[in-house]
Amino acid sequence: MNAFEKLKPFLEEFRKKNQLMSILNYDIATNTPEQAIEEESDLLNDLASQQAAMQKDPAFIQAVKEAAASDLTPRQRKVVSEYLREIEFFEKIPLEEYEEFSRLASKSNEMWRKYKPTGDFASWLPYWEKMIASFRHLLTYRQKPGMSLYEAALDRFEPGEKEEDIDRVFIPLKEFLLRKIPEAIEKQKRLPVPVIPSYPKHKQEQLSLTLLALEHYDMSRGCIRESEHPFSDFTGHYDSRVTTHYYEEDWRSSAFSVLHEGGHCLEFQGWTKEMMEDYADALPTAAICETHSRFYENIIGRSLAFASHFKKACEDCLGEEFARMSDEEFFSLINRVEPIPNRCDSDELTYCMHIIIRYEIERDLINGKIACKDVPAIWNKKYLDYLGVKVPDDGEGCMQDIHWTDGEIGYFPSYALGNMYGAQILETIKKDLPFEEYLRQGKMKEIKAWFDEKDFPYDWMDPADWIKQVTGKPLDPAYYIAYLDQKF
């Protein structure tokens, strides 16, 4: 038995706990009665504490170090290197400090769920301040020489990324969007304003199932439920789950959430047997995962080539009025540029400006340049300056996302990076497949097969290596800027 085989029982135990935590988290977000949320959150905290304790187990540490010194495949070596990173972190931090952060994060998230619907930032603030203070302290154990505190947070989702790396691609994108958004709004004034009818929840639920089927999401290995904030999760090789939310006044919100989260799960369902056997399912970075969700949501879902199939799904599930629309009218309906306060429901052109705003705020918050209490005013000013949007209240403002509630800070840049990776991948797919013709014909299975062969098996790599493997080139924001410029 080689050293990696000896390590596998430990990796299997980590995987089982991750699965249990994912199932609990899914249950809390979708099914758990309000009075039971704190109890189930305690179960999550217990599992997190058990995982942390495992990282300090001398037998596990010895097994990882022996594996690191042995002859491994590149994928196995990447798995081992990630565990070495976590061992180094847990060697530094007292277990009680980690458990305290987990407790504060759960409480902050619980109180956010309570106060978000009314936008009561003041009542949530004390819980958030305690969590952020604990999180910043936790990051000092991850911080390396020359690394800002925010870079330590970013490193959890995009290992090795620096603020200057993000700025290198965000600054030209921001400059482009500040110019392009007003230009696109002016151009579309010549088009009729689309009417958005209201549809009851049960009809939108049917549309959700139809869209997942169009994507070739395998429902025998997944499910869909409703949650406050749409998300998806990989809970096992045969279990990749979706959530969405429903607004009767705008069916598009759920439809694009489903396309997005379904795109995530297509990746999860596409991971190979070999990846699973090497325990590499935890390796894909946030940006790599967001690449595929944003690709299916926007590059496919909002395309003119796919419009006839999307429109037919709406006709069958929502109402016959969609049959009276041309593909071009439907395309206009789902691509109207309209700056709004909400990120998840924003149009494709303005979306990345929402991300840039969040990046600028969370970077300054974690680096200590601003305080938690300052966030609403800064948020509101940036929305007015960058998007011309007046934020009605904190519920639709700085409290709208779940990411900041429990320490998922550093994740937001991944959405914009995913958009950029996706546009670059689009150019590669077009060289291999008659991509737009496949969309017009509804050949989604063939498109998924391309990802299954050319992309998903390499998702365990570092992003810089992965994008070169898939496209032959390093990340270049020019592809995404050109894509948006042409489309709008």
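These lines cover the structure that appears in this document, whether it is placed above or below.

### Section: the overall build of the chain
Point 1. Helix and strand counts for the chain stand at 21 helices and 3 strands.
Point 2. For the C-alpha atoms alone, the extent of the chain along its principal axes is close to 65 × 50 × 45 Å.
Point 3. Accessible area of the chain: about 20,300 Å², with a carbon and sulfur share of 51%.
Point 4. A gap of 3 Å separates the mean positions of the 61 positive and 88 negative side-chain charges of the chain.

### Considering unusual backbone geometry
Point 1. One non-glycine residue, H216, adopts positive backbone phi at about 75°.
Point 2. Structurally, the position occupied by H216 is in the loop between α9 (201-215) and β1 (224-226).
Point 3. At Y279, a residue that is not glycine, the phi angle is positive and equals roughly 60°.
Point 4. Structurally, Y279 is set in the loop between α11 (273-277) and α12 (286-300).

### Concerning the packing of aromatic side chains
Point 1. Enumeration over the complete set of coordinates arrives at 41 aromatic pairs.
Point 2. Residues W124 and W128 carry aromatic rings whose centres are separated by 4.9 Å and whose planes lie at 15° to one another, so their mutual orientation is stacked. With W124 and W128 both in helix α6 (residues 121-140) and 4 residues apart, this pair spans about one turn of that helix. Side by side, W124 and W128 carry an identical accessibility label, which is buried.

### Topic: the pairing of strand β3 (residues 239-244)
Point 1. Within β3, 6 of the 6 residues are buried, which leaves it mostly tucked inside the rest of the structure.
Point 2. Side chains of β3 alternate between two faces, with D239, R241 and T243 and S240, V242 and T244 buried alike.
Point 3. Relative to β3, β1 runs parallel, the two sharing 3 bridges. Across the sheet, the residue bridging to I224 is V242, located in β3.
Point 4. Strand direction decides the pairing type here: strand β2 (residues 232-236) and β3, joined by 4 bridges, are antiparallel. Note on β3: the bridge partner recorded for G236 is D239.
Point 5. Linking two consecutive strands that pair antiparallel, namely β2 and β3, is a turn of 2 residues.

### Observations concerning the pattern of salt bridges
Point 1. Tallied over the entire structure, the rule returns 39 salt bridges.
Point 2. One salt bridge in this structure joins K174 and E360, with 2.9 Å as the shortest N-O distance. On the criterion of sequence distance, the pair formed by K174 in helix α8 (residues 163-188) and E360 in helix α15 (residues 348-366) is long-range, its members being 186 residues apart. Here the two residues K174 and E360 agree in accessibility, since each one is buried.
Point 3. Within this structure, R179, K180, E183, K187 and D485 form a network of salt bridges that share partners.

### Side note on the packing of helix α13 (residues 307-317) against helix α14 (residues 327-334)
Point 1. Interhelical geometry of α13 versus α14 gives an angle of 80° and a closest axis separation of 9 Å. Here α14 runs roughly perpendicular to α13, going by the angle between their axes. When α13 is examined against α14, the residues A307, S308, F310, K311 and C314 are found in contact with a partner set consisting of D327, F330 and I334.
Point 2. Tallied by class, residues from the contact of α13 with α14 come to 5 nonpolar, 1 polar and 2 charged.

### Overview of a negative patch on the surface
Point 1. Together, E38, E39, D42, D46, E96 and E99 make up a negatively charged patch on the protein surface.
Point 2. Secondary structure elements with two or more residues in the negative patch: α2 (37-55) and α5 (95-115).
Point 3. In terms of residue count, α2 provides more of the negative patch than any other element does, 4 residues in total.
Point 4. Within the element layout of this structure, E96 appears in helix α5.
Point 5. Overall, E96 belongs to the exposed group, its relative accessible area being 55%.

### Quick look at the nonpolar core
Point 1. W128, L177, W251, F310 and F330 are the most contacted members of the largest nonpolar core, which totals 152 residues.
Point 2. Ignoring sequence-local partners within four residues, the contact set of W128 consists of S108, F121, L365, C372, V375 and W404.
Point 3. Core analysis: the next-biggest nonpolar cluster, separate from the first, contains 7 residues, I28, I37, L47 and A48 among them.

### Observations regarding the packing of α12 against helix α19 (residues 444-454)
Point 1. Running from N to C, α12 and α19 cross one another at 150°; their axes reach a closest spacing of 13 Å. Taken together, the axis directions place α12 and α19 in an arrangement best described as roughly antiparallel. Here α12 and α19 pass one another in a crossing that is right-handed. Taking contact as the criterion, the partners of H292, F295, Y296 and I300 in α12 are, on α19, M444, I447, K448 and F451.
Point 2. Residue composition of the contact of α12 with α19, grouped by class: 6 nonpolar, 1 polar and 1 charged.

### Details of the state of the cysteines
Point 1. As enumerated under the stated definition, the model contains 0 disulfides in all.
Point 2. C223 supplies the cysteine sulfur nearest to C265, a cysteine that is in no disulfide, at a spacing of 8.8 Å.
Point 3. Looking at C265, the relative accessible area reads 0%, which means it is buried.
Point 4. With no disulfide partner, C372 has as its closest neighbouring cysteine sulfur the one in C398, 10.0 Å distant.
Point 5. With relative accessibility at 7%, the residue C372 sits in the buried group.

### Observations regarding the environment of D278
Point 1. With respect to the helices, strands and loops of the structure, D278 is situated in the loop between α11 and α12.
Point 2. Along the primary structure D278 and R75 are separated by 203 residues, whereas in three dimensions their C-alpha atoms are 7.4 Å apart.
Point 3. Residues within four places of D278 in sequence aside, it is in contact with F4, T73, R75, Q76 and V79.
Point 4. Side-chain polar atoms of D278 contact the side chain of R75, separated by 2.9 Å.

Conventions and cut-offs
- Residues numbered from 1 in each chain as written.
- Predicted model: local features only at pLDDT ≥ 70, side-chain atom pairs only at ≥ 80, totals over all residues.
- Heavy atoms only, no water.
- Helix = DSSP H or I, 4+ residues; strand = E, 2+ residues; numbered from the N terminus.
- Areas by Shrake-Rupley, 256 points an atom, 1.4 Å probe, with all protein chains shown as cover.
- Lys, Arg positive; Asp, Glu negative; His and termini not counted.
- Charge placed at Lys NZ, Arg CZ, Asp CG, Glu CD.
- Phe/Tyr/Trp six-rings, centres within 6.5 Å; stacked < 30°, edge-to-face > 60°.
- Buried < 20%, exposed > 50% of the residue type's maximum accessible area, 1.4 Å probe, protein only.
- Pairing = 2+ DSSP bridges.
- Salt bridge = Lys/Arg side-chain N within 4 Å of Asp/Glu carboxyl O.
- Axes fitted to C-alpha atoms, helices over the stretch in contact; angles between N-to-C directions.
- Parallel < 35°, antiparallel > 145°, perpendicular 65-115°, else oblique.
- Contact = heavy atoms within 4.5 Å.
- Nonpolar A, V, L, I, M, F, W, Y, C, P; charged D, E, K, R; others polar.
- Patch = residues over 30% accessible without salt bridge, like charges linked within 9 Å, V, L, I, M, F, W, Y side chains within 5 Å.
- Core = buried A, V, L, I, M, F, W, Y, C linked by side-chain atoms within 4.5 Å.
- Left-handed = near helix turned anticlockwise from the far one by under 90°.
- Disulfide = S-S within 2.5 Å.
- Polar contact = N/O pair within 3.5 Å; in protein donor to acceptor, adjacent residues only side chain to side chain.

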